[in-house]
Amino acid sequence: MAAATLKTAIDLTGASYEKNRRRMIDLVSKFKNEEEQLCLGGGAKAIDAQHKKGRLTARERIKKLVDPGSHFFELSVFAAFAMYEEWGGAPSAGVITGLARVCGRTFMLIVNDATVKAGAFFPMTAKKVIRAQNIAIENRIPTIYLVDSAGVFLPLQEDVFPDTDDFGRVFRNNAVMSAMGIPQVTAIMGMCVAGGAYLPVMCDHILMTEGSGLFLAGPALVQAAIGQKSSAEELGGAKMHAQISGTVDFREPDDDACVARLRALVDKMGAGDASPFSHIKSREPLYSGEELYGIFSGDPGKQYDMREIIARIVDASEFEEYRAEYGETVLCGYSRIGGWAVGIVANQKKHVHTHARGSDEKRIEFGGVIYTEGAEKAARFIMDCNQNRIPLIFLHDVNGFMVGKDAEWSGIIRAGAKMVNAVSNSVVPKISVICGGSFGAGHYAMCGKAFDPRFVFAWPTARYAVMSGDAAASTLAEIKLKQLEREGKKVDEDTRKELHDAVRASYEKQTDPRYAAARLWVDAIVDPAHTRDALIWALEAAALNPEIREFKTGVLQT
């Protein structure tokens, strides 16, 4: 076992370590401050208005629901970040989602935040709820909905209502989850109107508080449609649904009583089937996770050893490296995280001195680039993990695949296709962490969002796009310059620089992890020091799904 223990060579007093550390701390602090602001939802006035109705806020409800002393692992805090500004914004898309322990069991929580536009559904609200449901479906996670929503945000209804990833998909998922035997419990703790009224009724248990409303059409719409006058309570209050329509299972006087009842119901649920993945007692890494701040370099031109990152994430800092001397810019190996066996595929950011393929000619392979040998090694390793039922963790800091004559002659396209094939058809859980760059086809091969990772996490230093900012800015600026020249316009050096800088700024904004998180391309932006915690949550969630289908790769180019 001693041979598998990763040794550190980091100088914790060095200038480069301190420079990296200070930069990362500043960046993490900035992101945390923004998160805290987003967690205020609609702000102090909206929170006071919620309290005046005798209701708790979404976050107060969550705090009372989860097990005392336990952590709520929130997902998609940055959803809709810097979007819908013409409507006053929609912090966290007006809904809170995440994993929590309730009565000792892991649940997905989906909680409307009524302080944000009365909990109305913006386009990203629907997509965020659907993403949470899809995570629950993939991992068989029981789900609790706390409903307090005015329904669709009508000014944007055309982007909320009709498509496959819009509002209706939420109720389709309710039905699918029910058929799959995934427990769903709903507590109506405010308004639940129009199409949204179907959500609670398609769940296993329905709780409703006094003063809440559940109806397909509110009093004003009913009067306009059929001329009938009735109060909200008569039309769809808790008493009516408990005594007359028989729609709700439990009528509760207030939020506190409703949460207490909800926990009592959850406490009686039976356990799921046993996990098929290897799990033993967890052991802490030998080195502090906070040391990641100084080890990682966000400068694309700087090198660092990805093994130092792995050593601060995995149990006992043990890493059984696979084919350690072959394809060295891609690291593969076996470890445990939180006691769960995992296979790790990571980009090595150190340059490697090796021999050219098929000769004794020496060459340097650049860190963060996938070469033919690395792609072939990773493909084989991924297949082995599927054969042995071992979940996969991908640690991204990749510029892409190697290009040029030597790379093409070595069969880089064929090797890359093999790696993409193995990732695409993998049947064990896949979890991606984007530490630095994740560009082009390298992003795909390292299990980007399009390849169905169960979770995608990003560090504040993450950047991903078709290519890096400098390369993209130069390419896009050159295209625009040629267009101007074709139009007969003279372009001096100052105009060239101004155009290049403008294009770069726009492109850099789109590669920012907050831009990605706003659009749900990543599930959470995590503090690097808490990467291990995030992975443990994800692995424990993935272990709730006992089903693993047969592994097949289809045709592999050899």
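Here, the structure is the one placed above.
Each chain has its residues counted from 1, following the order in which its sequence is written. Local features in a predicted model are, by the rule used here, given only for residues with pLDDT of at least 70; side-chain atom pairs are given and counted only at 80 or more, and totals for whole chains, interfaces and linings are based on all residues. Here the side-chain values reflect all heavy atoms present in the structure, with hydrogen atoms and water set aside.

**What to know about a negative patch on the surface**
(1) Moving on: Among the surface-exposed residues, Asp492, Glu493, Asp494 and Glu498 lie close enough to one another that they form a single negatively charged patch.
(2) Moving on: Every helix listed is a DSSP run of H or I at least four residues long, and every strand listed is a run of E at least two residues long, numbered separately from the N terminus. Checked against the element boundaries, Asp492 lands in the loop between α17 (469-486) and α18 (493-511). Within the patch definition used here, like charges are joined within 9 Å and nonpolar side chains (Val, Leu, Ile, Met, Phe, Trp, Tyr) within 5 Å, considering only residues with over 30% relative accessible area and no salt bridge. In these tables, accessible area is a Shrake-Rupley quantity obtained with a 1.4 Å probe, and a residue counts as shielded only by the protein chains included in the view. We define a salt bridge as a contact between a side-chain nitrogen of Lys or Arg and a carboxyl oxygen of Asp or Glu at a distance within 4 Å. Only four residue types enter the tally: Lys and Arg on the positive side, Asp and Glu on the negative side; His and the chain ends are excluded. Throughout, a charge is located at the NZ atom of Lys, the CZ atom of Arg, the CG atom of Asp or the CD atom of Glu.

**Here's the deal with the packing of aromatic side chains**
(1) Moving on: Centres within 6.5 Å make a pair out of two Phe, Tyr or Trp rings, where for Trp the six-membered ring is used; the pair is then stacked when the planes are under 30 degrees apart, edge-to-face when over 60, and tilted otherwise. Counting across every chain of the model gives 17 aromatic pairs.
(2) Moving on: For the pair Tyr322 and Phe381, a centre-to-centre distance of 5.2 Å together with 50° between the ring planes defines the contact as tilted. Here Tyr322, found in the loop between β9 (320-321) and β10 (330-337), pairs with Phe381, found in helix α13 (residues 372-387); they are 59 residues apart in sequence, far enough to count as distant. Residues Tyr322 and Phe381 agree in their burial class; the two are buried.
(3) Moving on: Aromatic side chains Tyr444 and Phe451 sit 5.8 Å apart centroid to centroid with 45° between the ring planes, which places their arrangement in the tilted category.
(4) Moving on: We call a residue buried when its accessible area falls under 20% of the maximum for its residue type, exposed when it is over 50%, and partly exposed in between, using a 1.4 Å probe and counting protein chains only. Phe451 gets classed as buried once you look at its relative accessible area, which sits at 14%.
(5) Moving on: Following the ring pairs from residue to residue traces out a cluster consisting of Phe73, Phe455, Phe457 and Trp537.
(6) Moving on: Sitting above the plane of the Tyr515 ring, Arg519 keeps its charged end 3.5 Å from the centroid. We count a charge as sitting over a ring when the NZ of a lysine or the CZ of an arginine lies within 6 Å of the ring centre and within 35 degrees of the ring normal.

**A word on α13**
(1) Moving on: In this scheme, a helix's expected span is set at 1.5 Å multiplied by one less than its residue total. Here α13 spans 23 Å end to end across 16 residues, near enough to the 22 Å set by a 1.5 Å rise per residue.
(2) Moving on: Within α13, 14 of the 16 residues are buried, which leaves it mostly tucked inside the rest of the structure.
(3) Moving on: Downstream of α13 by one or two residues, Arg389 has phi in the positive range, about 55°.

**Topic: unusual backbone geometry**
(1) Moving on: In the Ramachandran plot, Ser76 falls in the positive-phi region, its phi being about 60° despite a non-glycine side chain.
(2) Moving on: Along the chain, Ser76 turns up in the loop between β1 (73-75) and β2 (95-102).
(3) Moving on: Looking at Ser76, the relative accessible area reads 4%, which means it is buried.
(4) Moving on: Of note in this structure, Asp452 is not a glycine but carries a positive phi near 60°.
(5) Moving on: Here Asp452 is to be found in the loop between α16 (440-445) and β18 (455-458).

**Observations regarding the side chain of Arg55**
(1) Moving on: Within the element layout of this structure, Arg55 appears in the loop between α2 (44-52) and α3 (58-65).
(2) Moving on: Of the buried charged residues, Arg55 lacks a salt bridge, with Asp148 as the closest side chain of opposite charge at 4.1 Å.
(3) Moving on: Within the structure, Arg55 has its side chain in polar contact with the backbone oxygen of Gly211 (distance 2.9 Å).
(4) Moving on: When sequence neighbours within four positions are dropped, the list of residues in contact with Arg55 reads Gln50, Arg61, Asp148, Met189, Gly190, Met191, Gly211, Ser212 and Asp255. Within 3.5 Å is the distance limit for a polar contact, defined as a pair of N or O atoms, with the added protein rule that one can donate a hydrogen and the other accept it, and that residues adjacent in sequence qualify only through two side-chain atoms. Throughout, a contact is declared for two residues whenever any of their heavy atoms are within 4.5 Å.

**Some details on the pattern of salt bridges**
(1) Moving on: Summed over all chains, the structure comprises 28 salt bridges.
(2) Moving on: Across the pair Asp166 and Lys127 runs a salt bridge, and its minimum N-O distance is 3.0 Å. With a gap of 39 residues between them, Asp166 in the loop between β4 (143-149) and α5 (167-179) and Lys127 in helix α4 (residues 123-139) connect regions that are remote in the sequence.
(3) Moving on: The partly exposed category is assigned to Lys127, whose relative accessible area is 23%.
(4) Moving on: What you see here is one network of salt bridges that share partners, running through Glu34, Asp512 and Arg514.

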